[in-house]
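# Close look at the chain arrangement
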Amino acid sequence: MPKRDLVLLALDNDTILQLMQRALQAAAYETALASDRTVLNKIIQETVPALIMLGEQFDGLPGVKIAREILERFPTMPILIYAEQESLVLYKEVLQAGLSGCLYPPLRNDDITGSVERSLQRARNLGDWLRREVKRTTASLERRATLSESELKRYEFIFANIQDGVLILDEAGRIQLTNRTMEVAFDLPGKEVRGKMVSDVIDHPDIVSLLKRAQSLPLKYHEINFDDGRIYNAQYTPIGGFGSVITMQDISYLKQLDRMKNEFVHTISHDLRSPLTSVLGYTELIQRVGSINEQQIEFLDRIRSSVESITALVNDLLDLSRLEAGFDTRREFVHLENVLKFALDTMDGQFKVNDLKLQLDVGKELPELRGNPIRLRQLLDNLLSNAVKYSAKGSTISVSLQAEDSQIIFRVKDEGVGIPQSEQARIFEKFYRASNVPDQVGGSGLGLAIVKSIVDSHQGRIWVESAMGKGTTFFVVLPAHNPDKIPVINEPGH
Ligand code: ADP
């Protein structure tokens, strides 16, 4: 039996300590001494001894308590407790804590080395058993990691009857299994694709980008658009130790419904506009055709302000449906700093009324971008007016416009109410207003949906950082015009 095992002795009683040290060294064990709990922990951490001999009391604490803490970090560590007197209570505690045993005086050398040897042997047996179990489980997992023929047949049968498309890949990205829906969707030649790299078999750009994103930033939902109008929703699920699964559902009919809903909203909004304009016109005319009293004037004012807010809502809805329908095709060279300047000039009054301070930081010689100046102005207006709307009087709004790596970065930061963390992902949805919007602050919840559509149609990105009660920052990144990349086409004249 190997006798170079290290036994760590942690005992307050010096005489016993020396006795044990001599006995163990005589039996060719290595020993280390811990004078207090700090040293004890340090030695355990650095050397991981084969066994620890702890006093019933050590450094002011019960040995069993210290042992329990050690076992939390090293669950298989053999620990013996030395006590001055034999005690049933202690023996029960030692058993309950899962320690190796107790030692009591009178102690002969053989008692000490015998107990140590038995405890070490038990620990070795436990270690061997653990290693065997781990090996057995790993081997069984490894067997599971590749599908056997019979398993494949069973899965094939199940998947063949599922409406969703299923594609199973191994860790290297080789196709393990595809079902009929998947084969029809991508026009795959059935089982022949098995074992081939997915990238060699499916070159659909949406699947290529899904797999690319899956490595770094997996998305929960991914749309796969086909030229014939079919649209699928795909999910990528990594399966540790095996590979991954892509599943797809046909959502063409949902998209169709969405389109119909948008068209309906568009038509209604469009048809509402003319009667609203005429209501507004007549409220103005009433005052011109005859005298009316104070109260009537007040009522007319109320009608006007209500009609104006419905008109604003209808205009937002129309805007959104135009943007979503992809009508925003106008592209010109735009200097965003000029658009920003105009936007800020018109908002000057709102800044003054609310006693807001503006901190402006615009980079020098910013590159231009290709975009629709009217939509970009709308984007800036919406973000700036939100910053004003949700800020407290007297606070500061910081606006910055900078260029970085052929991108233009717009940032608007306020010190206002903030947006609850759990709702930040939803604020770009149509009609969504966060739960903490102050009662007196009006709005339709459409502004950010419009902003998001404008950013999307300019191939940009938008995100928000916000802390409740501290403030909110919106970031917009738009690609700058790159004369080397995009050929300059004639200016569209509409
Ligand atoms: P609304 O008309 O309600 O302002 P938006 O679409 O512009 O609609 O914004 C959606 C929601 O996002 C708002 O209702 C508000 O809860 C939140 N929000 C937007 N901008 C800010 C901001 N600067 N500070 C705090 N909350 C904001």
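Located above this text is the structure these notes cover.
Let us look at the structure shown here. Since this is a predicted model, take the numbers as computed values, not measurements. (Residues numbered from 1 in each chain as written. Predicted model: local features only at pLDDT ≥ 70, side-chain atom pairs only at ≥ 80, totals over all residues. Heavy atoms only, no water.)

Another aspect to go through is the pairing of strand β10 (residues 222–225). The two faces of β10 differ: H222 and I224 on one face are buried, but E223 and N225 on the other face are not. Pairing of β10 with strand β11 (residues 231–239) involves four bridges; the strand directions are antiparallel. Looking across to β11, one finds that H222 is bridged to A234. The antiparallel hairpin formed by β10 and β11 contains five residues in its connecting segment, where G229 sits at a positive phi of about 100°. (Buried < 20%, exposed > 50% of the residue type's maximum accessible area, 1.4 Å probe, protein only. Helix = DSSP H or I, 4+ residues; strand = E, 2+ residues; numbered from the N terminus. Pairing = 2+ DSSP bridges.)

The next point concerns the site of the ligand. The ligand sits among 21 residues. The nearest are N386, Y390, D414, R433 and L448. N386 places a side-chain nitrogen or oxygen 2.8 Å from an oxygen atom of the ligand. In the environment of the ligand, an oxygen atom lies 3.2 Å from a nitrogen or oxygen atom belonging to the backbone of G447. For the ligand, the protein covers 97% of the area, taking 530 Å² as the surface of the free molecule. Assessed atom by atom at 2 Å from the grid points, the ligand resides in the second largest pocket. Put simply, the parts of the chain that give the shell around the ligand at least two residues each are α13 (373–389), α14 (447–457) and β19 (471–479). (Near = heavy atom within 4 Å. Polar contact = N/O pair within 3.5 Å; in protein donor to acceptor, adjacent residues only side chain to side chain. Areas by Shrake-Rupley, 256 points an atom, 1.4 Å probe, with all protein chains shown as cover. 1 Å grid on protein atoms, 1.4 Å probe; cavity = no way out; pocket = protein on both sides within 12 Å on 5 of 7 lines; lining within 4 Å. Sits in = over half its atoms within 2 Å of the grid points.)

Turning our attention to the pairing of strand β1 (residues 6–10). A large share of β1 lies buried, amounting to five of its five residues. Residues L6, L8 and A10 line one face of β1 and the alternating positions V7 and L9 line the opposite face, and both faces are buried. In terms of strand pairing, β1 meets strand β2 (residues 30–33) through four bridges, oriented parallel. By the bridge assignment for β2, L8 is matched with A32.

Let us look at helix α4 (residues 88–97). When α4 is considered as a whole, its buried residues turn out to be L90, V94 and A97. Down the axis of α4, the sector holding all buried residues measures 70°, keeping them to one side. Residues of α4 that are exposed and angled more than 90 degrees away from the buried face: L88, V89, K92, L95 and Q96. Those residues of α4 hidden inside the fold are in contact with α3 (63–73), β6 (79–82) and β7 (101–103). A distance of 3.3 Å separates the backbone nitrogen of V89 from a side-chain oxygen at the start of α4, and that oxygen is part of S87. In the stretch just after α4, G98 is the one whose phi turns positive, near 80°. (Arc of directions from axis to C-beta. Contact = heavy atoms within 4.5 Å.)

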